[in-house]
Amino acid sequence: MQANIAVLPWLGSFLRPYRNRVLLALVFLLIGSLSWLALGQGVRLLVDEGFVAGNSERLNQITLAILLLCTLTSAAVFCRFYLMTWLGERVSADIRNRVYQHMLKLSPAFYSQMRTGEVISRFTADTTLLQSVVGSSLSMALRSTVTALGGLLMMALTSFKMTGLVLLAVPLVLLPIIVLGRKVRKLSRASQDRLADVGAYVDESLHEIHTVQAYGHEEHDKTLFVDRIEQVMQAARQRIFYRSLLIAAVMLLSISAMVLISWVGARDVMAGNVSAGELTAFMFYAVMVAGSAATISEVIGDIQRAAGATERLIELATAPVEIASPTQPLSLNQSVAGALSIRELNFAYPLAPDNTVLSALSIDIKPGERIALVGPSGAGKTTLFQLLQRFYQPTAGQILLDGVDISALDLAVLRARFALVPQESVIFATSVLENVRYGRPDATEQEVVDACIAARAAGFIAEFSDGYHTQLGERGVRLSGGQKQRIAIARAILADRPVLLLDEATSALDAVNEQQVQQALDNLMHGKTTLIIAHRLATVINADRILLLEQGRLVASGSHQQLLQSSALYQQLAQLQLLN
Ligand SMILES: Nc1ncnc2c1ncn2[C@@H]1O[C@H](COP(=O)(O)OP(=O)(O)OP(=O)(O)O)[C@@H](O)[C@H]1O
């Protein structure tokens, strides 16, 4: 992925809302730098009028003035530092918000190409880097640039000849900054990329820690991890090498130049062309300019690292939204709810365009009908669910919901018609209450309780020490499989949407559990259009119609009895109790 948006305008767009603060920070930066520069004049007066002239009263006055100047400088530094750091925090917070909001819009196809661990690393590490650069390195670079330019000007006013010599030295110092700086930037990007790989790897292995430990995969993971860490180290080592080289080169060149220039200056003082105070002031400015140049060369590496980080963030923030709501969505017919019509549907996943998953699929489903989808593994049943909720765009054909093509509907409106109970129940790391409420955040506590009663979940929830306020732990680690399912069913009951999509679990629940889940499902399906990916005989027997899919085609449909007589494949599946 390559972002074709320039880094600076993008960052600028985040700074724009705070332009008053940016301006104020710049003003303080200017005040600070100017009073630093004025200090050089103070030093000159101190030497020439106080020290060399032996005038102690003048010495006192000038010292006092210098102290006042120092106070002013410090106050300006306080204000600049505060404002700049504030801006750094603010901008990175805004960027995090913008990127996250965009990420929520990206379709599952995007996340099947990009590992979430990597996304998280970009999200946290890159924004943190950006924050430190906007908040500190950038302000250091700006301050140093102003000081360096002002210092050069003051040097020129003090001694033209010596400044000329300094200017001869400047290109010499800039050369390594430009050449090595470019290299550092490239390597920083590589280094952040490697770090993101590590993040993705840790994310995956820790999430699947059960499997890792159960298969004794720790040693192998350890080795793989060390490899990845070494790659990070390798990328970092090169970056550090060039950066160290950069700092050393700039230092060597600038200090040597200064020594030579002060040698020339000292000879001028001896010849009486320049006063001692002027030479002192000149050297004061020269040190200031050299110091600033050194600062710039140091922070330029950070700034380039941040430019790399920003590129990566821009890629995330501008990743194309493949599935979006139309600009002028149609509205749904209010009188029917839950009619589905699938017409000549063809589909292949974007990542595997040659593997046709659904072909020429046509199905009509009436409101309130209970449909069981059966078929061998890989037949395309789950894919059909995904298409109904428009997580992907069909290659050809149409899906109509209540008579309207779903691609003409607002995504939120479309998805609000469906309640999904996936095969693997999804539990969030929050309370029972919030987990059930997920489908309808404005539901009252009583409504949640009612849904849990209908889902046969109230019994086990009552046994928890905190009842409905019990925290369920990440991915619901504190619940059994059957309990998770019943929470997921309660969520769908509470959401109360016209079409239900149930992916029946194949996990062998014990008889009591199975019966309870079945009762919960019956409560859920009452009066709703239901599509069930069926794995149990009981489910297909209770369905109004059974659709048999094979390799993405509808090969037979009818009741259980009809299919037993008409389809050999169905007979086979039924004999296997339909379980995969
Ligand atoms: N994200 C994806 N990218 C590419 N191909 C996919 C993706 N998800 C599924 N497939 C492919 O699509 C085909 C249908 O998969 P699908 O999950 O719809 O089957 P299914 O009928 O639900 O099977 P099961 O009963 O085993 O869950 C399979 O060949 C699978 O390899």
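Residues numbered from 1 in each chain as written. Predicted model: local features only at pLDDT ≥ 70, side-chain atom pairs only at ≥ 80, totals over all residues. Heavy atoms only, no water.

A. Structural detail: the UniProt feature "domain: ABC transmembrane type-1" (unreviewed entry) in the chain. This chain's UniProt record puts "domain: ABC transmembrane type-1" (unreviewed entry) on residues 23-305. Secondary structure over residues 23-305 splits into 94% helix and 0% strand, and the C-alpha atoms at its two ends are 25 Å apart. (UniProt positions renumbered as here; feature names shortened; annotations may be inferred. Helix = DSSP H or I, 4+ residues; strand = E, 2+ residues; numbered from the N terminus.)

B. Expanded view of the sheet that holds strand β7 (residues 499-503). Reading across the sheet, the 6 strands line up as β6-β7-β8-β3-β9-β10 and stay open at both edges, with mixed pairing between neighbours. On the outer flanks of this sheet lie β6 (418-421) and β10 (553-558), each paired with one strand and no other. Averaged over all neighbouring strand pairs, the angle between strand axes comes to 20°, with direction disregarded. Relative to β7, β6 is paired through 4 bridges, and the arrangement is parallel. Along β7, the bridge assignment pairs L420 with L501. (Pairing = 2+ DSSP bridges. Axes fitted to C-alpha atoms, helices over the stretch in contact; angles between N-to-C directions.)

C. Molecular detail of the site of the ligand. Around the ligand sit 12 residues in total, of which S377, G378, G380, T382 and T383 are the nearest. In the model, an oxygen atom of the ligand is placed 2.9 Å from a nitrogen or oxygen of the G380 main chain. Within the side chain of T382, one N or O atom sits 2.5 Å away from an oxygen atom of the ligand. Isolated, the ligand exposes 640 Å² of accessible area, and the fraction of that covered by the protein chains is 66%. Considering every element that reaches the shell around the ligand, the biggest residue donor is helix α10 (residues 381-388), with 3 residues. Considered class by class, the residues forming the shell around the ligand number 4 nonpolar, 7 polar and 1 charged. (Near = heavy atom within 4 Å. Polar contact = N/O pair within 3.5 Å; in protein donor to acceptor, adjacent residues only side chain to side chain. Areas by Shrake-Rupley, 256 points an atom, 1.4 Å probe, with all protein chains shown as cover. Nonpolar A, V, L, I, M, F, W, Y, C, P; charged D, E, K, R; others polar.)

D. Fine view of helix α1 (residues 7-15). Where α1 is concerned, the buried positions are V7, W10, L11 and F14. Along the axis of α1, the buried residues cluster in a sector spanning 95°; they form a single face. Across from the buried face of α1, at angles greater than 90 degrees, the exposed residues are L8 and P9. Buried residues in α1 make contact with α3 (56-105), α5 (116-158) and α9 (276-317). (Buried < 20%, exposed > 50% of the residue type's maximum accessible area, 1.4 Å probe, protein only. Arc of directions from axis to C-beta. Contact = heavy atoms within 4.5 Å.)

E. Fine view of the UniProt feature "transmembrane region" (unreviewed entry) in the chain. In the numbering used here, UniProt assigns the "transmembrane region" (unreviewed entry) feature to residues 64-83, 140-157, 163-181, 240-264 and 276-296. The annotated region residues 140-157 carries 100% helix and 0% strand content, and the separation between its end C-alpha atoms amounts to 25 Å. Each end of residues 163-181 is marked by a C-alpha atom, and these two atoms are 26 Å apart; helix forms 100% of the span and strand 0%.

F. How the structure looks around the environment of L531. Structurally, the position occupied by L531 is in strand β8 (residues 529-533). Here L531 falls in the buried class, since its relative accessible area comes to 1%. Note: C-alpha distance between L531 and A109 (422 residues apart in sequence) is 23 Å. When neighbours within four sequence positions are excluded, L531 is seen to be in contact with L340, I365, I371, L373, F385, L388, V499, L500, L501 and L502.

G. Layout of the sheet that holds strand β1 (residues 340-348). What the 4 strands build is an open sheet, ordered β2-β1-β4-β5; its pairing is antiparallel. At either end of the open sheet lies a strand with only one pairing partner, and these are β2 (356-365) and β5 (404-405). Sheet topology places strand β4 (residues 396-401) next to β5; 2 bridges connect them, and they run antiparallel. Each residue of the ladder has a partner; that of L401, found in β5, is V404. Together, β1, β2 and β4 form the strand contacts of α10, whose direction differs from that of β1 by roughly 115°.

H. Local environment of the pairing of strand β3 (residues 370-374). Counting buried positions along β3 gives 4 out of 5 residues, so the element sits mostly inside the fold. With 4 bridges connecting them, β3 and β8 associate as parallel partners. Bridge pairing in β8 links R370 to T530.

I. Structural detail: the packing of helix α6 (residues 160-207) against helix α8 (residues 218-271). Contact geometry for α6 and α8: axes closest at 9 Å, N-to-C directions at 170°. For the element pair α6 / α8, the angle class is roughly antiparallel. For the contact of α6 with α8, the per-class residue count stands at 31 nonpolar, 7 polar and 9 charged. (Parallel < 35°, antiparallel > 145°, perpendicular 65-115°, else oblique.)

J. Representation of the pattern of salt bridges. Across all of its chains, the model carries 12 salt bridges by this definition. Across the salt bridge formed by D268 and K161, the nearest N and O atoms sit 3.3 Å from each other. Pair noted here: D268 is in helix α8 and K161 is in helix α6, with a separation of 107 residues, a long-range link. The exposure class of D268 is buried, given its relative accessible area of 9%. Here K161 falls in the partly exposed class, since its relative accessible area comes to 49%. For E434, the salt bridge goes to R437, with nearest N and O atoms at 3.0 Å. (Salt bridge = Lys/Arg side-chain N within 4 Å of Asp/Glu carboxyl O.)

K. View of the side chain of R312. Within the element layout of this structure, R312 appears in helix α9. Beyond its immediate sequence surroundings of up to four residues, R312 is in contact with S121, R122, D126, R189, Q192, D193 and A196.

L. Examining the nonpolar core more closely. Grouped together as the largest cluster of nonpolar side chains are 35 residues, with contacts concentrated most on Y468, I489 and L524. Put simply, the parts of the chain that give this core at least two residues each are β6, α12 (432-437), α13 (445-454), α14 (458-463), α15 (481-495), β7 and α16 (511-525). In terms of residues, this core owes the most to one element, α15, which gives 7 residues. In contact with Y468, not counting residues within four places along its chain, are S431, V432, L433, V448, V449, C452, A458 and I461. Formed by 32 residues, the second largest nonpolar core is a distinct cluster that contains L332, Y392, L401 and I533. (Core = buried A, V, L, I, M, F, W, Y, C linked by side-chain atoms within 4.5 Å.)

M. Local environment of the packing of aromatic side chains. Within the structure shown, the criterion is met by 14 aromatic pairs. Relative to Y392, the ring of F347 has its centre 5.6 Å away and its plane inclined at 55°; by these criteria the two rings are tilted. Pair noted here: F347 is in strand β1 and Y392 is in the loop between α10 and β4, with a separation of 45 residues, a long-range link. Exposure class is identical for F347 and Y392. Each is buried. Each residue in the set W36, F284 and Y285 is aromatic and connected to the rest through ring pairs, giving one cluster. A cation sits over an aromatic face here: R21 above W86, 3.8 Å from the ring centre. (Phe/Tyr/Trp six-rings, centres within 6.5 Å; stacked < 30°, edge-to-face > 60°. Lys NZ or Arg CZ within 6 Å of the ring centre and 35° of its normal.)

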